[in-house]
Each structure stands twice: as C-alpha cells, then as structure tokens.
Amino acid sequence: MSHKFAVGDELTGKVTGIQPYGAFVALNASTQGLVHISEITYGFVKDIHEHLEVGQEVRVKVLEVDDEASKISLSIRALQEPPSSYQNHPRTRQSLQERVDQQDADGFNSLKDKLKDWIEQSGH
C-alpha cells in the first residue's frame, strides 16, 4: 500500500470484482479494499449484483486497515442514511463466536426446559 489510508476516510473507488461474500473496490492504481456483503446496504443482501456492478464508481468509508496483511475493509452502508427502523433499534455488533455462543446457550436451555416437561409427561 503506497498511499496510507486511515480508518474513517471517505473515498471514491471503482468496483473491480464481485464475489459471493463482497465486492472489491480499487481506491487507487495500486490499492483495493473489500466491501463485505453486510456493508453494502442496510437490510439483507442476497445477490450483490442487484446493488453493484464491476466498473461502477462508489463512495466508501474505511472501516479497518491491516497494514501487515495489506487488507482494507470498506463500507458503503456507513455513508447511507439508515432506515428509521434501524435508528430506533440500534444493533450491537457481536462477533460470530459471541452469536454462536449465545445461540448455543439458548438452544441448550430450551432443551433442558423441554426435558423437564417430557419427564413430567411420562409420569416419572
């Protein structure tokens, strides 16, 4: 990365490639970053091609810069006005592991409760 990019920078780039997980955006002649599918717009994105196309110019915000790995995480969504439903219910960002742990805990707790009911229903 010849040019130093910083978290919070707002830039214009050109979409150079689209993958199922996100879009690559060229920030200059030698640097590109990735807009993860979750950072394209508010709401669920099933097909990135419905929102972006190769060659399209887009405004992006730098979310993260990893100089060692030469990776830049970008967001288009961060520059959009959130829908009123998002403003009323801001989501706290959880890591994937935190979400898995939470769902596991919920799943095991509901199973534990059902087990009690099943035992009572069986007459033991």
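Residues numbered from 1 in each chain as written. Predicted model: local features only at pLDDT ≥ 70, side-chain atom pairs only at ≥ 80, totals over all residues. Heavy atoms only, no water.

- Identification of the protein as General stress protein 13 from Sporosarcina newyorkensis is taken from an unreviewed UniProt entry.

## Re the sheet that holds strand β1 (residues 10-19)
Here's step 1: The strand order around the closed barrel formed by five strands is β1-β2-β3-β5-β4, and the pairing between neighbours is mixed. In this sheet, neighbouring strand axes are inclined to one another by 50° on average, regardless of whether the strands run parallel or antiparallel.
Here's step 2: In this structure, strand β3 (residues 32-36) lies alongside strand β5 (residues 71-75), joined through two bridges in parallel fashion. Residue pairing across strands places Val35 opposite Leu74, the latter belonging to β5. (Pairing = 2+ DSSP bridges. Helix = DSSP H or I, 4+ residues; strand = E, 2+ residues; numbered from the N terminus. Axes fitted to C-alpha atoms, helices over the stretch in contact; angles between N-to-C directions.)

## Quick look at the packing of aromatic side chains
Here's step 1: Taken as a whole and assessed by the stated rule, the structure comprises one aromatic pair.
Here's step 2: Consider the rings of Tyr21 and Phe24, whose centres lie 6.3 Å apart with planes at 90°: the pair is edge-to-face.
Here's step 3: Classification of Tyr21 as partly exposed rests on a relative accessible area of 40%.
Here's step 4: Relative accessible area serves as the criterion here: at 24%, Phe24 is assigned to the partly exposed category. (Phe/Tyr/Trp six-rings, centres within 6.5 Å; stacked < 30°, edge-to-face > 60°. Buried < 20%, exposed > 50% of the residue type's maximum accessible area, 1.4 Å probe, protein only.)

## A word on the pattern of salt bridges
Here's step 1: Inspection of every chain in the model, using the stated rule, returns three salt bridges.
Here's step 2: A salt bridge links Glu39 to Arg77, with the shortest nitrogen-to-oxygen separation between them at 3.6 Å. Remark: Arg77 occurs in the loop between β5 and α1 (84-88) and Glu39 occurs in the loop between β3 and β4 (57-66); sequence separation between them is 38 residues. For the pair formed by Glu39 and Arg77, the shared burial category is buried. (Salt bridge = Lys/Arg side-chain N within 4 Å of Asp/Glu carboxyl O.)

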